[in-house]
Amino acid sequence: MSSSTATAPAVAVIGHKGYIGSMVLPIAFEALQQKRIKELRILSRKFDANALKGLIAQGATTQNASYNNLASLTQALTGIDVLISTHIVWGAVVDGRYDGLAGRRLEGE
Amino acid sequence: MMGLQGDDWKENKDTLLEAAAKAGVKVYIPSEFGTNHEITNYAHNATFAPKGHHFHEAVAKLPKVVGIYTSLVMEQTFIKWLGFDNDKEVWEIVGKGDVPVSITAKKDVGRFTVEAAIMAFQTPEKVPEKCQIHTFTYTLQQYADILDKYSETGNKLKLQGKTLEEAKENWEQIKDTIPIGMVSPRH
């Protein structure tokens, strides 16, 4: 199968501001420009105004979503083929210190 | 920044999977991006078990799931908090440094993730459910030899071996002093 626009997936990214998100996003934008991704949708609970402008300027679409709300999330993911989540689900920083065995989860966005 | 504790993470992640399934998402890449602890002694650790649980829940609910696992992030491997004191040109390591150790560069994490995302959509049968990515695999002696070529002082790095127990004790002593972001994503 070729990687033409017709077969290019719509990709959503959750956690774009995080450690892994910052590694993934530049490459995802490259793929978007090359039309190997037909849409790059960034999901976040809340967007910083400047960050929002930057994402849109690079061609991304943005979608607010509450991660604990099924209807909100379902709507935000409608039309998406591939979902990349870079949200941490292990470890935690508690009061500015690493708590690696806490079994807690941070939500950065 | 909002911290979720206890079972909150589970509720949150279950909602994500349910929404992805309802919305018709075809490929899901969960937030693994680290060691595959299902093959280590830490599979049931309170920190890592949630990731494994979430992965299996995703496989059950979505058409295609790709877990991407890395080794130590290259840019944050040779740091003093892990025993690599480059200012003093001394590496305190476990053993003799003759065992291969893999590291993964940040750029490779991004590149592989995006390529896997596209490929898993276009030809899902060609992408394994779990992918392990490494940029380099050398012994610590070999890494030291490589870095010695770029030494500004002309000195060679000195490797000092210690036992695993000593290393664990040292970690317990210093872990609370490590700045956020220096060892793990939030560390």
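The structure contained in this document is the topic of the report that follows. (Residues numbered from 1 in each chain as written. Chains lettered and ligands numbered in written order. Predicted model: local features only at pLDDT ≥ 70, side-chain atom pairs only at ≥ 80, totals over all residues.)

## A few points about the overall build of chain A
(1) Moving on: In terms of regular secondary structure, chain A is built from three helices and seven strands.
(2) Moving on: Starting at the N terminus, the α and β elements of chain A follow one another as β-α-β-α-β-α-β-β-β-β.
(3) Moving on: Per-residue burial for chain A yields a buried fraction of 48% across its 109 residues.
(4) Moving on: Contacts spanning at least 24 positions in sequence make up 52% of the contacts within chain A whose residues lie at least 6 apart. (Helix = DSSP H or I, 4+ residues; strand = E, 2+ residues; numbered from the N terminus. Buried ≥ 20, exposed ≤ 12 C-beta atoms within 10 Å, placed from the backbone. Contact = placed C-beta atoms within 7 Å.)

## A closer look at the overall build of chain B
(1) Moving on: Helix and strand content of chain B: five helices and 11 strands.
(2) Moving on: The contacts in chain B between residues at least 6 apart in sequence include a share of 78% that link residues at least 24 apart.

## Side note on the sheet that holds strand β5 (residues 72-73) of chain B
Residues and elements named next belong to chain B.
(1) Moving on: Read across the open sheet, the three strands follow the order β5-β8-β10; overall the sheet is mixed. At either margin of the open sheet sits one strand with a lone partner, and together these are β5 and β10 (136-139).
(2) Moving on: Bridging between β5 and strand β8 (residues 100-104) involves two bridges; their strand directions are parallel. If you follow L72 over to β8, its bridge partner there is I103.
(3) Moving on: Taken strand by strand, helix α4 (residues 140-148) contacts β8 and β10, and its axis lies near 100° from that of β10. (Pairing = 2+ DSSP bridges. Axes fitted to C-alpha atoms, helices over the stretch in contact; angles between N-to-C directions.)

## Remarks on the packing of helix α1 (residues 21-33) of chain A against helix α3 (residues 106-122) of chain B
(1) Moving on: One can describe the packing of α1 of chain A onto α3 of chain B by two numbers: an axis separation of 8 Å at closest approach and a directional angle of 50°. With respect to α3 of chain B, the axis of α1 of chain A lies oblique. By crossing handedness, the relation of α1 of chain A to α3 of chain B is classed as right-handed. The residues of α3 of chain B that touch α1 of chain A, namely those facing M23, V24, P26, I27, A28 and A31 of chain A, are K106, V109, G110, R111, T113, V114 and I118 of chain B.
(2) Moving on: Each residue belonging to the contact of α1 of chain A with α3 of chain B can be placed in one class, and the counts come to nine nonpolar, two polar and two charged. (Parallel < 35°, antiparallel > 145°, perpendicular 65-115°, else oblique. Left-handed = near helix turned anticlockwise from the far one by under 90°. Nonpolar A, V, L, I, M, F, W, Y, C, P; charged D, E, K, R; others polar.)

## Brief notes about the sheet that holds strand β7 (residues 90-94) of chain B
Residues and elements named next belong to chain B.
(1) Moving on: On the basis of which strands lie adjacent, the open sheet formed by three strands has the order β6-β7-β11 and mixed pairing. In the strand order of this sheet, the two ends are held by β6 (84-85) and β11 (158-162), each with one partner.
(2) Moving on: Where β6 lies against β7, two bridges are found, and the strand directions are antiparallel. By the bridge assignment, D85 is partnered in β7 with V90.

## A short note on the environment of K80 of chain B
Residue and element names in this part refer to chain B.
(1) Moving on: With respect to the helices, strands and loops of the structure, K80 is situated in the loop between β5 and β6.
(2) Moving on: Judged by C-beta crowding, with 16 C-beta atoms within 10 Å, K80 ranks as partly exposed.
(3) Moving on: Sequence separation between K80 and I178 is 98 residues; the distance between their C-alpha atoms is 9.8 Å.

## A few points about the nonpolar core
(1) Moving on: Counting 49 residues, the largest nonpolar core has V11, V13, A28, L77 and L83 of chain A together with V27 and A117 of chain B as the members making the most contacts within it.
(2) Moving on: Among the elements that make up this core, the one with the highest residue count is α3 of chain B (seven residues).
(3) Moving on: Residues within four places of V11 of chain A in sequence aside, it is in contact with A28, I37, E39, L40, D81, V82 and I84 of chain A together with A117 of chain B.
(4) Moving on: Core analysis: the second largest hydrophobic core is formed by seven residues, I93, L140, A144 and L157 of chain B among them. (Core = buried A, V, L, I, M, F, W, Y, C linked by C-beta atoms within 7 Å.)

These figures capture arrangement, not role.
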